[in-house]
Amino acid sequence: MNDVDRRDVWAQLTRISLITLPALLVFMVFDQAPYLFDTFNRGQVFGRDAHNLWIAGRILLEERSALAIYDNDRFTAFQTAMVGSGVGWNSYFYPPTAFATAALVGSMPYPIALATYSAAGLLALMLAVGAPDFKRPVLLLLLVAPMTGFNLIMGQNGLISAALLVGGLRLLAHRAGMAGVLFGLLAFKPILGLLIPPLLLLRGQWRAFAYATLTVIATALLPILLWGSEVWTAFFTAALPLQQSVLHHAVGIGMLMIPSAFNSARIAGLDTVGSYLVHALFAVAALTIFLRHFVRRRHLRSLPLSTTDILVFTLATALMSPYVHNYDFSMIEAAILLWCVSLRRHPATPALTFVIATGWCVGLLSLFSNALHVPIAPLCLIAALYLVVGTNTDAEAGDAVRSRPPAPT
């Protein structure tokens, strides 16, 4: 990179990464220390949500019934029987479309399951972002991205969902069927797929739409065939109301990890109705910018999505659901990385620097800003989305061949 201006976009991303890495490491040390030297107030198990996924898999395999998964007293009792007393109250909110993955994870001893689950998410995202060249600078920055480490220590699925989403977006133009399958597999986390149907409709991607629909149907029917039709009834009558209750009344780190406009308004002191109104304003604004961007680019729909398109998609998606979590922002970090690769020699203007800093830091920043009762994540996201659409970086950077963006050397 000696021949590259130190003020360019890629150099700016590198500098920002060097700033965020120590903050992430400090958080990881303080977060993981109780596992070694103390106990949590709720008795969390190492791996956190990955352990809940593993417990769900054990229930599916041992009881051959999904009802205990969405009955939190039974779920906690099963978990306590597996790991001993003091585990605390736990829950499982994911739809039955995630049951096959849960059963697979639950079929392994927990340490092996946790390692396999974590490695699978990391490798999948490296494939989605790094292909086809797998340049070392790109992979290294992906490894030190804030939400990469956060997902690993929290046992979360943000790496997997980001891999499915970004991988599908990158494959959309030249492997539409495979892209549709990846989108369909994202049905285990439907809040991240809210903008997929309008994108496919605007671009006339009927093949991808058909494959995505068939994949969703298959993943929805499979748990019915294996565990009975009551799985969906239990999900809608038990899991969703409990999830809504958690959203409305979450405390502790569970609240801090939700950077949505709804939760930000709630932290700022608004009631539930007011928080939903604030969220609706942000969601409508994001949807408007999203639609305007892709409607204006309909003449390019035969071409692969640009890295700007992918970034617009992920930023808008982050503002749509009130239940989005900061670990879901691995999708934004992946999009930022691809965007900076394609614009690597572009001068890092103040607007572009703001976009890069927001996309790379907002997951970690939201955790600390929420803790300080200064919930600024939605404002940063909507501003970054507006700036990305308005800077016309595609034309300036010659970002026309977008399916295979070259990485810096």
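Residues numbered from 1 in each chain as written. Predicted model: local features only at pLDDT ≥ 70, side-chain atom pairs only at ≥ 80, totals over all residues. Heavy atoms only, no water.

1. Let's talk about the overall build of the chain
- Counting its regular elements, the chain contains 20 helices and zero strands.
- Taking all 409 residues of the chain together, the buried fraction comes to 57%.
- Of the contacts formed within the chain by residues at least 6 apart in sequence, a portion of 74% connects residues at least 24 apart.
- If you sum the accessible surface of the chain, you get close to 17,200 Å²; carbon and sulfur atoms cover 68% of it. (Helix = DSSP H or I, 4+ residues; strand = E, 2+ residues; numbered from the N terminus. Buried < 20%, exposed > 50% of the residue type's maximum accessible area, 1.4 Å probe, protein only. Contact = heavy atoms within 4.5 Å. Areas by Shrake-Rupley, 256 points an atom, 1.4 Å probe, with all protein chains shown as cover.)

2. Points about the environment of Leu379
- Tracing the backbone through its elements, the reader meets Leu379 in helix H19 (residues 377-390).
- The spatial distance from the C-alpha of Leu379 to the C-alpha of Leu319 is 9.9 Å, given a sequence separation of 60 residues.

3. Details of the nonpolar core
- Counting 124 residues, the largest nonpolar core has Tyr92, Ile336 and Leu385 as the members making the most contacts within it.
- A per-element tally of this core places helix H17 (residues 330-342) first, with ten residues.
- Aside from chain neighbours lying at most four places away, what touches Ile336 is Leu13, Leu311, Val355, Ile356, Gly359 and Trp360.
- Counting residues in hydrophobic clusters, the runner-up holds five residues, among them Leu247, Ile258, Phe262 and Tyr323. (Core = buried A, V, L, I, M, F, W, Y, C linked by side-chain atoms within 4.5 Å.)

4. Digging into the environment of Leu127
- Relative to the elements of secondary structure, Leu127 occurs in helix H5 (residues 110-130).
- For Leu127, a relative accessible area of 53% corresponds to the exposed category.
- Remark: the alpha-carbon pair of Leu127 and Leu139, spanning twelve residues in sequence, is separated by 9.4 Å.

5. Some words on helix H15 (residues 272-296)
- In this model H15 runs 36 Å from its N-terminal to its C-terminal C-alpha over 25 residues, within 8% of the 36 Å that 1.5 Å per residue would give.
- Of the residues making up H15, those classed as buried are Gly274, Ser275, His279, Phe282, Ala283, Ala286, Ile289, Phe290, His293 and Phe294.
- On its buried side, H15 packs onto helix H10 (196-202), helix H14 (261-267), helix H16 (307-318) and H19. (Expected span 1.5 Å × (residues − 1).)

6. Focus on unusual backbone geometry
- A cis amide bond links Ala131 with the next residue in sequence, Pro132, at an omega value of 5°.
- Its location among the elements puts Pro132 in the loop between H5 and helix H6 (136-144).
- In this structure, Phe134 is a non-glycine residue whose phi angle is positive, near 50°.
- Its location among the elements puts Phe134 in the loop between H5 and H6.

7. Describing the packing of aromatic side chains
- In the structure shown here, the tally under the stated rule is 13 aromatic pairs.
- Ring geometry for Phe290 against Phe294: centres 4.9 Å apart, planes inclined by 55°, an arrangement best described as tilted. Remark: Phe294 and Phe290 occur in helix H15; sequence separation between them is four residues, near one turn of the helix. The same class applies to Phe290 as to Phe294, namely buried.
- Pairwise contacts between aromatic rings join Tyr70, Tyr92, Tyr94, Phe99, Trp227, Trp232, Phe235 and Phe236 into one cluster. (Phe/Tyr/Trp six-rings, centres within 6.5 Å; stacked < 30°, edge-to-face > 60°.)

8. What about the packing of H16 against H19?
- Their axes nearest at 9 Å, the elements H16 and H19 cross at an angle of 155°. For the element pair H16 / H19, the angle class is roughly antiparallel. Crossing of H16 over H19 shows left-handed handedness. Here H16 contributes Thr308, Leu311, Val312, Leu315, Ala316 and Ala318 to the contact with H19, which in turn contributes Leu381, Ala384, Leu385, Val388 and Val389.
- A per-class count over the contact of H16 with H19 returns ten nonpolar, one polar and no charged. (Axes fitted to C-alpha atoms, helices over the stretch in contact; angles between N-to-C directions. Parallel < 35°, antiparallel > 145°, perpendicular 65-115°, else oblique. Left-handed = near helix turned anticlockwise from the far one by under 90°. Nonpolar A, V, L, I, M, F, W, Y, C, P; charged D, E, K, R; others polar.)

9. Here we look at the side chain of Asp328
- Tracing the sequence through the fold places Asp328 in the loop between H16 and H17.
- Here Asp328 falls in the buried class, since its relative accessible area comes to 0%.
- Those residues within four positions of Asp328 in sequence are excluded, and the remaining contacts are Asn157, Ser161, Lys189, Ile191 and Leu192.

10. Re the environment of Val374
- Structurally, the position occupied by Val374 is in the loop between helix H18 (350-371) and H19.
- Given a relative accessible area of 44%, Val374 falls into the partly exposed group.
- The sequence separation of Val374 and Ala268 amounts to 106 residues, and the corresponding C-alpha distance is 7.5 Å.

11. A look at the confidence of the model for the chain
- Predicted confidence across the chain gives a mean pLDDT of 88, with 89% of residues reaching 70 or more.
- The low-confidence segment residues 1-5, where pLDDT is below 50, has seven contacts with residues more than four positions distant or belonging to other chains. (pLDDT = per-residue confidence, 0-100.)

12. Brief notes about H19
- Here H19 spans 20 Å end to end across 14 residues, near enough to the 20 Å set by a 1.5 Å rise per residue.
- As for H19, its buried residues are in contact with H14, H15, H16, H17 and H18.

13. Concerning the packing of H17 against H18
- The geometry of H17 relative to H18 is characterised by a closest axis approach of 8 Å and an angle of 145° between their N-to-C directions. Note on element contacts: H18 touches H17 through Leu352, Val355, Ile356, Gly359 and Trp360, opposite Ile332, Glu333, Ile336, Leu337, Trp339 and Cys340.
- Grouping the amino acids of the contact of H17 with H18 by side-chain chemistry returns nine nonpolar, one polar and one charged.

14. Quick word on the pattern of salt bridges
- For the structure shown, the criterion picks out four salt bridges.
- Arg58 is the partner of Glu62 in a salt bridge, and the nearest nitrogen-oxygen pair spans 2.6 Å. Linking Glu62 with Arg58, this pair stays in helix H2 (residues 49-63), spanning four residues, or about one helical turn.
- By relative accessible area, Arg58 is classed as buried at 19%.
- The partner of Asp309 in a salt bridge is Arg297, with the nearest N and O atoms 2.8 Å apart. On the criterion of sequence distance, the pair formed by Asp309 in helix H16 and Arg297 in the loop between H15 and H16 is long-range, its members being twelve residues apart. (Salt bridge = Lys/Arg side-chain N within 4 Å of Asp/Glu carboxyl O.)

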